Amino acid sequence: MKIRKTLLLLVLAVVFSIVLAACGNSSPSTESSSAAGEEPGTAETNTNGGNILIAYFSHTGNTEEVAGQIADLTGGTLAEIQRAEEYGDLQEEAEAEILEGVHPEITVSVDNVEDYDTIFVGYPIWWDEAPAMIATFLAENDFSGKTIIPFCTSASDDIDNSLHIFSELCPDAEIAEGLTANDLNDIEPWIQEIGNLLT
Ligand SMILES: Cc1cc2nc3c(=O)[nH]c(=O)nc-3n(C[C@H](O)[C@H](O)[C@H](O)COP(=O)(O)O)c2cc1C
């Protein structure tokens, strides 16, 4: 009889701890957390990674590489932004879109973008501006009260001239100082510097 009672208590304890563990996980549901891809020797900054999204558009892979490093350092989730339709003539069409303020249709690899409170937004500099897909991303999500952290890669221009769309399209978001990430060595010190925005 005593053994039965002990067994019953044991089973109840196991069930209770499983229920507790399931309730404790309150981070936004994610498609892919990149913390597993952390490089050896790369220290993850002490962040609330469950609440950080790293959204990026990349045409030839440079910005994607930077986004991956930011994900490794912060434990955030990667979200790739793509143009729904490929350009016919990139040089002509992409510049016209930027100049005319067109918002082309995009796809984003994560669908719960608005569940995140801190959103890195990365892109290559095109004609000293952000590609029009970034304008679409900023316009089609409500980032009021959220923190947006821009970053870019480029051949030589820095991020400054491209930043105006963030305050124009997300007037109620906090826009952090951005990084021109052409030197991969600049990423980790920058993440440390802005660490207070990530906890
Ligand atoms: C259409 C186009 C326009 C570009 N315009 C600029 C520019 O105005 N200034 C600059 O420094 N680099 C410019 N670049 C270079 C890219 O910003 C640079 O190669 C960037 O790292 C590419 O990133 P990605 O590999 O993520 O696409 C341009 C590249 C392309 C394809």
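Predicted model, so just to flag it, every value in this text is computed and none were measured.

Describing the site of the ligand
Around the ligand, 16 residues are found, and the nearest of them are Ser58, Thr60, Thr63, Ile125 and Asp157. At 3.0 Å, a backbone N or O of Gly61 approaches an oxygen atom of the ligand. Notes on the ligand: free accessible area 650 Å², of which the protein chains cover 81%. Using a 2 Å cut-off from the grid points, one finds that the ligand occupies the largest pocket. Along the lines of polarity and charge, the residues of the shell around the ligand split into five nonpolar, nine polar and two charged.

Focus on the environment of Gly122
With respect to the helices and strands, the residue Gly122 is situated in strand S4 (residues 118-124). A relative accessible area of 0% means that Gly122 is categorised as buried. A sequence separation of 30 residues divides Gly122 from Cys152, and the C-alpha atoms of the two residues are 5.2 Å apart. Each residue touching Gly122, except ones within four places of it in the same chain, is listed here: Ala55, Tyr56, Phe57, Thr63, Ile134 and Phe151.

Points about the nonpolar core
Within soluble globular proteins, side chains that are nonpolar tend to cluster in buried spots. Of all hydrophobic cores here, the largest spans 31 residues; its most connected members are Ile134, Phe137, Leu138 and Phe143. Contributing elements (two or more residues each) for this core: strand S1 (52-56), strand S2 (77-83), helix H3 (90-100), S4, helix H4 (132-140), strand S5 (147-153) and helix H5 (164-169). If we skip the residues at most four places from it in the chain, Phe137 touches Ala55, Ile81, Ile106, Val108, Val113, Ile119, Val121 and Phe143. Counting 20 residues, the second-largest nonpolar core is a separate cluster that includes Ile52, Ala67, Phe151 and Ile194.

Definitions and cut-offs
Residues numbered from 1 in each chain as written. Predicted model: local features only at pLDDT ≥ 70, side-chain atom pairs only at ≥ 80, totals over all residues. Heavy atoms only, no water. Near = heavy atom within 4 Å. Polar contact = N/O pair within 3.5 Å; in protein donor to acceptor, adjacent residues only side chain to side chain. Areas by Shrake-Rupley, 256 points an atom, 1.4 Å probe, with all protein chains shown as cover. 1 Å grid on protein atoms, 1.4 Å probe; cavity = no way out; pocket = protein on both sides within 12 Å on 5 of 7 lines; lining within 4 Å. Sits in = over half its atoms within 2 Å of the grid points. Nonpolar A, V, L, I, M, F, W, Y, C, P; charged D, E, K, R; others polar. Helix = DSSP H or I, 4+ residues; strand = E, 2+ residues; numbered from the N terminus. Buried < 20%, exposed > 50% of the residue type's maximum accessible area, 1.4 Å probe, protein only. Contact = heavy atoms within 4.5 Å. Core = buried A, V, L, I, M, F, W, Y, C linked by side-chain atoms within 4.5 Å.

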